[in-house]
Amino acid sequence: MRKNLLKLSVSLFVAMCGVLVADQTWAQDGKTVSGQVTSSDDQSPLPGVNVLLKGTSNGTTTDAEGKFSLNVPDDEAVLIFTFIGFLPKEITVGNQTTFNLSLDSDIAQLSEVVVVGYGTQKRSDITGSVTSVPKDRLTNLPVTNVTQALQGSTAGLQITQASSVPGSAGSIQIRGINSINANTSPFIALDGMPFFGTLNDINPNDISSIEILKDASAVAIYGTRGSNGVILITTKRGANKDGKPNINFNAYAGVEDISNPLNPMGAEQYVQKYKDFLIANGITQTAVLPNLAERQNYDSGTTTDWMKQATQTGKIQEYNLSVSGGTQKVQYYFSATRLIQDGVIKGFQYNRTTVRSNLDAQVTDGLKVGMSSFFTDNNFDGGRAHLLQATAMSPYSVPKDANGKYIIYPMAPEQLFVNPLLGLTTDRDDGNKNLTGSGYVEVTPKFAKGLKYQLKGSYVYTFGKVSTYAGRAANDNSGTATVRDSTTNNWVVENVVSYNKDINKHHFDITGVYSAQKVSTLETEASASGFINDGLSYYDLLAGNSKSANSEANTYTLLSQLGRINYTYDNRYMLTLTARRDGYSAFGANKSKFGLFPSMAVGWNLHNEAFMSDFSDVVSQIKLRLSYGKTGNQAIAPNQTFTTATTVQQPFGGSIQTGVLYNTLGNGNLSWESTTTLNGAIDFGLFDDRITGSFEVFKSKTEDILLRRALPGVNGYTDMWTNLGKMQNVGIELTVSSVNVDKGDFKWETSVNFSTYKNKILELYGDGKDDIGNSWFIGEPLRVIYGYEKIGVWQTDDIGDYDPVAKPGDIKFKDQPTVDTNGDGRPDAGDGIIDAKDRVIIGQRNPKWYGGITNTFHYKNFHLSIFIQTSQGGIKRNADLTYADEAGRRNLPEGFQYWTPENPGNYWPSLSAYKNYRGYHFAEDWSYVRLKDVRLSYNVPSSFLSRYGVNALTVYAAGRNLHTWTNWFGWDPEMNYASRGSTGDQLNYPVVRSLSLGINLSL
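Residues numbered from 1 in each chain as written. Predicted model: local features only at pLDDT ≥ 70, side-chain atom pairs only at ≥ 80, totals over all residues. Heavy atoms only, no water.

Under an unreviewed UniProt entry, the name given to the chain is SusC/RagA family TonB-linked outer membrane protein, and the source organism is Pseudochryseolinea flava. UniProt, in the comment section headed Sequence similarities (unreviewed entry), describes the chain in these words: "Belongs to the TonB-dependent receptor family." (UniProt positions renumbered as here; feature names shortened; annotations may be inferred.)

Below, the structure written as structure tokens:
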């Protein structure tokens, strides 16, 4: 959007000065050269580019279509192309007469103005921690939602893609964790208004810029919703041009496969595994395989590759068409997108249709109106195969019988594992829709220069529906149907007043806001079972013998007032003061529902001081920032502050009676969770900004934590929400960008980001005690793994007496120091027995640090970008290291090793029945380095395209998740894998690798 405004300004200048430019054109003997200048970002024409004959004052400017014509004296002439917001370029004429070239964005200039809460600011005037996402992450990168593009790209922004289920979005955290039970996701504002929906609802092609607000000064203006950080997303709008529309068509298609497959054992290895399992457990082998169906197929030599049966080559394609343009009075942007994705596991699919309209109109000199609206339809229909069941199947089993029907139990009589393809027979209607509309009226009265009033409003309606039916073919002999609907209605109204004033070297920017919001939700569910056949699916629930229904509705409101003052003196000294007052209806009646959240920040543009002039050749910019403030967290659902009841049915007097049972204990004193943050930073630029970056340190403290406290069962309640506990979070962030080589037609740029955080629980329940059941320990990080420490595997000749039930092949645990033998008050020896006192903190689940590095190479019209992302230092339970007593009843990964007397080791235990693991977590380091994406693009020369009336065309190839370096055994280390029978085991879906080809066409 900022770049379009630059184009607009220059176009107006050209309109006023075109005659003068024409009069100064140098006519002489020589030749005439011509061509077109476009932007390398989106290949759109650049109007108003200065084209100067080097060494003279003769030149011209490009017209509205970016075209130019100029007389030059000879082949030795050099043309200089310059345009605000873009890097200059020099070209020697030579024997050419047509020049079609692209100018690269000057990131330093384009970032001069950035979006902040309720307005914009010059980058040099910002005192808070505001990071702009690199724009190249938003172009030529085939992704289904914006989180996939942002992962690893920005310091302080942690995105974890725990599942690659088509249509899923990664979890987002800004600067780590500040709460225990309450929501820790950042607040998202879309085009200045609170966003409600999923990130799938936002078409990445529509995004113009993304800013991340991280410290208290930057986020305090969002009050209760800013404690976990804020993400500001701005969509594209029309440009103030000559009225000619700019038509863009973007499309890509690609294929996907599993990036790190964990294939099960083959037939021979599977047979040997069963033999070794029986030996490890002291069982005499009486048959080659445990189940009749397996033995029959073994005898006939029949095998099945179950991974091949359950998976496929994934396909993804997207088509996006946008039309934008405008005049001095009206600007418009329209877009439509269709995304189609078929997953790598059969039955998983995702379709999305998005339509957007943005419109701005200058009604009079002092009145401007605008609107934004979009509609998104997300669809996840269809039955799905079951990856976990596929990995468990014996290779000596088959999916279908002689009649072509799926066999329920392919390893019969084994019934622990069912056919992984049964889910494909189920009916499933799964989707959600988002209809969002917003508008504004902006008044800038002539009698008060710098004063602006905006009335903004938005309305969001979301609807979700999941209808399922599982019948006889899916191993449900009575048939079960369920229909769930959910709707959300959300409106926001904001009054925004701002005033800008310059008095000599003093600059004032004052903002005031009054905001109101109301959110209403309704959820209904009905189910039935006991159908006489499967013909009706979920369309007639009354046909079932057993029926049930449930519904729930909630409403909450927010009322807010805020004020902010930005002051700058001589572009050297900056001060920001912010205060916001929020009221949340869901808080307790015994406490004020309002909270006040102030902040202050100061900045010093050190490079603008006179004494820095001697270092200007080295230091091009340097700014110091310091901020301190308080933010709040409202992140609990309504109805948590008062006791609620539910209905129950009990037999009484010979019939079923409906009664009331209290199920939730309220807390009328529940109030705000608050976080105070101190942030210090230095922004720098060296060698004429060939090297730029930012280094930040922060320390935050959260008090009155919204904590769900466990209660003794004798009270009749399991838990209740309270304000208890304190937590601390300390972190460091570093971002560095450099232009390594810039010579002739070749340019090499590098961008690096690094983030590290350490949170610590300071207090829990006020009694100084740890909560061992939840693994919460005072003085330690929040998310830790607590248990026995593995030091190896018991060997045949070293069984110790301190673990009397251990046998060779079992895990050896450490006898932790619990006895003080020398009287110095510190335990220095074990007590000779493995018991609960030997449990320790093994490590933390969150990574200790994460980051990314991007290298971008430009050569003429070719552009190559290579992005590597990493996460280091976290541990988590590895479900693929243990199958407990299932090890003899199912298949195992082909890379799975196990201890035997003939193959001893200190890492893999034996295939015994896992009787001595004492709740061991099998925690492993999930650190990794990933070649996240590679993009190669080519801008087709305009000299060729102009013959066909095409302004610009880019073709590109892209790959994502191409390779991962890790010591993790199993599926991808980032993936969360659910064990059999646990919640979500049917949604196990590994990280996928994708290869795609795409085009960007501009007319």
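A. Highlighting the overall build of the chain. Helix and strand content of the chain: 9 helices and 48 strands. For 1003 residues, the compact-globule estimate of 2.2 N^0.38 gives 30 Å, and the chain sits close to it at 32 Å. For the chain, the C-alpha atoms occupy an extent of roughly 105 × 75 × 70 Å along the three principal directions. Within the chain, buried positions represent 50% of all 1003 residues. (Helix = DSSP H or I, 4+ residues; strand = E, 2+ residues; numbered from the N terminus. Rg over C-alpha atoms; globule rule 2.2 N^0.38 Å. Buried < 20%, exposed > 50% of the residue type's maximum accessible area, 1.4 Å probe, protein only.)

B. Inspection of unusual backbone geometry at higher detail. Omega for the peptide link from Ala412 to Pro413 comes to 10 degrees, which places this bond in the cis form. Relative to the helices and strands, Pro413 resides in the loop between helix H8 (387-392) and strand E22 (427-443). A positive phi is found at Phe687, a non-glycine position, where the angle reads about 55 degrees. Looking at where Phe687 falls in the secondary structure, it is placed in the loop between strand E32 (673-686) and strand E33 (691-703).

C. Structural detail: the pattern of salt bridges. Applying the stated criterion across every chain, the model contains 32 salt bridges. Where Asp257 meets Arg993, a salt bridge forms, and the shortest distance between an N and an O atom there is 3.1 Å. Of the two residues, Asp257 is situated in strand E17 (residues 246-258) and Arg993 in strand E48 (residues 992-1002); the sequence distance between them amounts to 736 residues. Among the salt bridges present, the one from Arg625 reaches Glu696, with a minimum N-O distance of 3.1 Å. Highlighted residues: Arg625 in strand E29 (residues 619-633) and Glu696 in strand E33, separated in sequence by 71 residues. Under the relative-accessibility criterion, Arg625 is labelled buried at 7%. Taken together, the shared-partner salt bridges in this structure form one network comprising Arg175, Lys214, Arg625, Asp683, Glu696 and Glu733. (Salt bridge = Lys/Arg side-chain N within 4 Å of Asp/Glu carboxyl O.)

D. Local environment of the UniProt feature "domain: TonB-dependent receptor plug" (unreviewed entry) in the chain. When the UniProt feature table is mapped onto this chain numbering, "domain: TonB-dependent receptor plug" (unreviewed entry) sits at residues 123-230. In the segment residues 123-230, helix accounts for 8% and strand for 23%; the C-alpha atoms at its two ends are 18 Å apart.

E. Structural view of the packing of aromatic side chains. The final tally for this structure, using the stated rule, is 31 aromatic pairs. With 5.2 Å between their ring centres and 70 degrees between their planes, Tyr298 and Tyr396 make a pair best called edge-to-face. Separated by 98 residues along the polypeptide, Tyr298 in helix H6 (residues 292-300) and Tyr396 in the loop between H8 and E22 bring together distant segments of the chain. Accessibility expressed as a relative area gives 9% for Tyr396, which makes it buried. Counting every residue linked through ring pairs, the aromatic cluster contains Tyr556, Tyr584, Phe587, Phe597 and Trp672. Just above the ring of Trp794 sits the side chain of Lys812; from NZ or CZ to the centre is 4.7 Å. (Phe/Tyr/Trp six-rings, centres within 6.5 Å; stacked < 30°, edge-to-face > 60°. Lys NZ or Arg CZ within 6 Å of the ring centre and 35° of its normal.)

F. Main features of a positive patch on the surface. A cluster of basic residues, Lys699, Lys701, Lys758, Lys760 and Lys848, forms a positive patch at the surface. When residues of the positive patch are traced back to their parent elements, those giving at least two are E33 and strand E37 (746-763). Note on placement: Lys848 falls in the loop between strand E41 (840-844) and strand E42 (849-859). (Patch = residues over 30% accessible without salt bridge, like charges linked within 9 Å, V, L, I, M, F, W, Y side chains within 5 Å. Areas by Shrake-Rupley, 256 points an atom, 1.4 Å probe, with all protein chains shown as cover. Lys, Arg positive; Asp, Glu negative; His and termini not counted. Charge placed at Lys NZ, Arg CZ, Asp CG, Glu CD.)

G. Representation of the sheet that holds strand E7 (residues 98-103). Taken in spatial order, the 3 strands make up an open sheet running E4-E1-E7, and their pairing is mixed. On the outer flanks of this sheet lie strand E4 (67-72) and E7, each paired with one strand and no other. Averaged over all pairs of adjacent strands, the angle between their axes in this sheet comes to 30 degrees, without regard to strand direction. In this structure, strand E1 (residues 31-39) lies alongside E7, joined through 6 bridges in parallel fashion. Bridging from a neighbouring strand, Gln36 pairs with Asn100 of E7. (Pairing = 2+ DSSP bridges. Axes fitted to C-alpha atoms, helices over the stretch in contact; angles between N-to-C directions.)

H. Geometry of the pairing of strand E11 (residues 157-160). Taking every second residue as pointing to the same face, both faces of E11 are buried, with Leu157 and Ile159 on one and Gln158 and Thr160 on the other. The pairing of E11 with strand E12 (residues 171-174) spans 4 bridges and is antiparallel. Residue Gln158 lies in a different strand from E12, and its bridge partner there is Gln173.

I. Fine view of a nonpolar patch on the surface. Side chains of Val355, Phe375, Leu435, Val441, Val443, Tyr453, Leu455, Tyr459, Tyr461, Trp491, Val493 and Val497 sit close together on the surface and give an oily, nonpolar patch of about 920 Å² of accessible area. At the level of elements, E22, strand E23 (451-470) and strand E24 (480-503) are the ones that each hand at least two residues to the nonpolar patch. Per-element tally for the nonpolar patch: the top contributor is E23, with 4 residues. Residue position: Tyr459 is located in strand E23.

J. Layout of the environment of Val363. Counting through the fold element by element, Val363 comes out in strand E20 (residues 349-364). Taking the relative accessible area as the measure of exposure, Val363 reaches 47% and is therefore partly exposed. Residues Val363 and Lys329, 34 residues apart in the sequence, show an inter-C-alpha distance of 7.1 Å. Among all residues touching Val363, those that are not within four sequence positions of it are Lys368 and Val369. (Contact = heavy atoms within 4.5 Å.)

K. Focus on H6. Restricting attention to buried positions, one finds in H6 the residues Ala293, Glu294 and Asn297. Around the axis of H6, the buried residues are gathered within 100 degrees of arc, so they sit on the same side. In this structure, the buried side of H6 is in contact with helix H5 (267-280). Two residues or fewer past H6, Gly301 is found with a positive phi of approximately 75 degrees. (Arc of directions from axis to C-beta.)

L. How the structure looks around the sheet that holds strand E10 (residues 130-132). If you trace the 5 strands from one edge of the open sheet to the other, you get E10-E15-E16-E13-E14, paired in mixed fashion. Unpaired on one side and paired on the other, E10 and strand E14 (193-194) mark the two borders of the sheet. Bridge count between strand E13 (residues 187-190) and strand E16 (residues 230-235): 4 bridges; the pairing is parallel. When the bridges of E16 are listed, Ala189 appears paired with Leu232.

M. Representation of the side chain of Asn250 in the model. Topologically, Asn250 is positioned in strand E17. Leave out the neighbours within four places in its chain, and Asn250 touches Asn205, Glu318, Tyr319, Asn320, Ile999, Asn1000 and Leu1001.

N. Spatial organisation of empty space enclosed by the protein. Inspection of every chain in the model, using the stated rule, returns 11 cavities of 30 Å³ or more. Considered as a void within the structure, the largest cavity measures approximately 260 Å³ in volume. If you trace the largest cavity, you find 24 residues lining it, with Gln148, Glu256, Arg960, Asn961 and Val992 closest to the centre. Broken down by secondary-structure element, the contributors of at least two residues to the lining of the largest cavity are strand E46 (928-939), strand E47 (952-966) and E48. In terms of residue count, E48 provides more of the lining of the largest cavity than any other element does, 3 residues in total. The residue makeup of the lining of the largest cavity, split by class, is 7 nonpolar, 12 polar and 5 charged. (1 Å grid on protein atoms, 1.4 Å probe; cavity = no way out; pocket = protein on both sides within 12 Å on 5 of 7 lines; lining within 4 Å. Points joined across faces, edges and corners; volume = space filled by probe spheres on them. Nonpolar A, V, L, I, M, F, W, Y, C, P; charged D, E, K, R; others polar.)

O. The confidence of the model for the chain, seen in detail. The share of residues in the chain with pLDDT of 70 or more is 95%, and the mean pLDDT across the chain is 87. When mean pLDDT is compared element by element in the chain, helix H7 (residues 306-310) scores highest at 96, while helix H1 (residues 2-23) scores lowest at 37. In the predicted structure, residues 107-111 sits below a pLDDT of 50 and forms 10 contacts with residues beyond four places in sequence or in another chain. (pLDDT = per-residue confidence, 0-100.)

P. Geometry of the nonpolar core. Ile345, Phe896, Leu911, Trp971 and Tyr989 are the most contacted members of the largest nonpolar core, which totals 50 residues. Ranked by size, the runner-up nonpolar core spans 19 residues in total, among them Val133, Phe195, Ile207 and Ile233. (Core = buried A, V, L, I, M, F, W, Y, C linked by side-chain atoms within 4.5 Å.)

Q. Structural context of the environment of Phe896. Topologically, Phe896 is positioned in the loop between strand E44 (875-877) and strand E45 (923-925). Overall, Phe896 belongs to the buried group, its relative accessible area being 4%. Remark: the alpha-carbon pair of Phe896 and Leu881, spanning 15 residues in sequence, is separated by 7.7 Å.

R. Geometry of the pairing of strand E43 (residues 862-872). Two elements, E42 and E43, share 11 bridges in a ladder whose sense is antiparallel. Residue pairing across strands places Phe857 opposite Leu864, the latter belonging to E43. As consecutive antiparallel partners, E42 and E43 are separated by 2 residues, and within that stretch Lys860 has a phi angle of approximately 55 degrees, a positive value. In the sheet, E43 pairs with E46 via 10 bridges, with the strands oriented antiparallel. The residue of E46 that forms the bridge with Ile866 is Val934.

S. Examining H5 more closely. Helix length check: H5, at 14 residues, gives a terminal C-alpha distance of 20 Å against a target of 20 Å (1.5 Å per residue), a fit within 8%. All of the buried residues in H5 are Tyr270, Val271, Lys273, Tyr274, Asp276, Phe277 and Leu278. Looking at the buried positions of H5, the neighbouring elements they touch are H6. Among the residues trailing H5, Gly282 stands out with phi positive, at a value near 70 degrees. (Expected span 1.5 Å × (residues − 1).)

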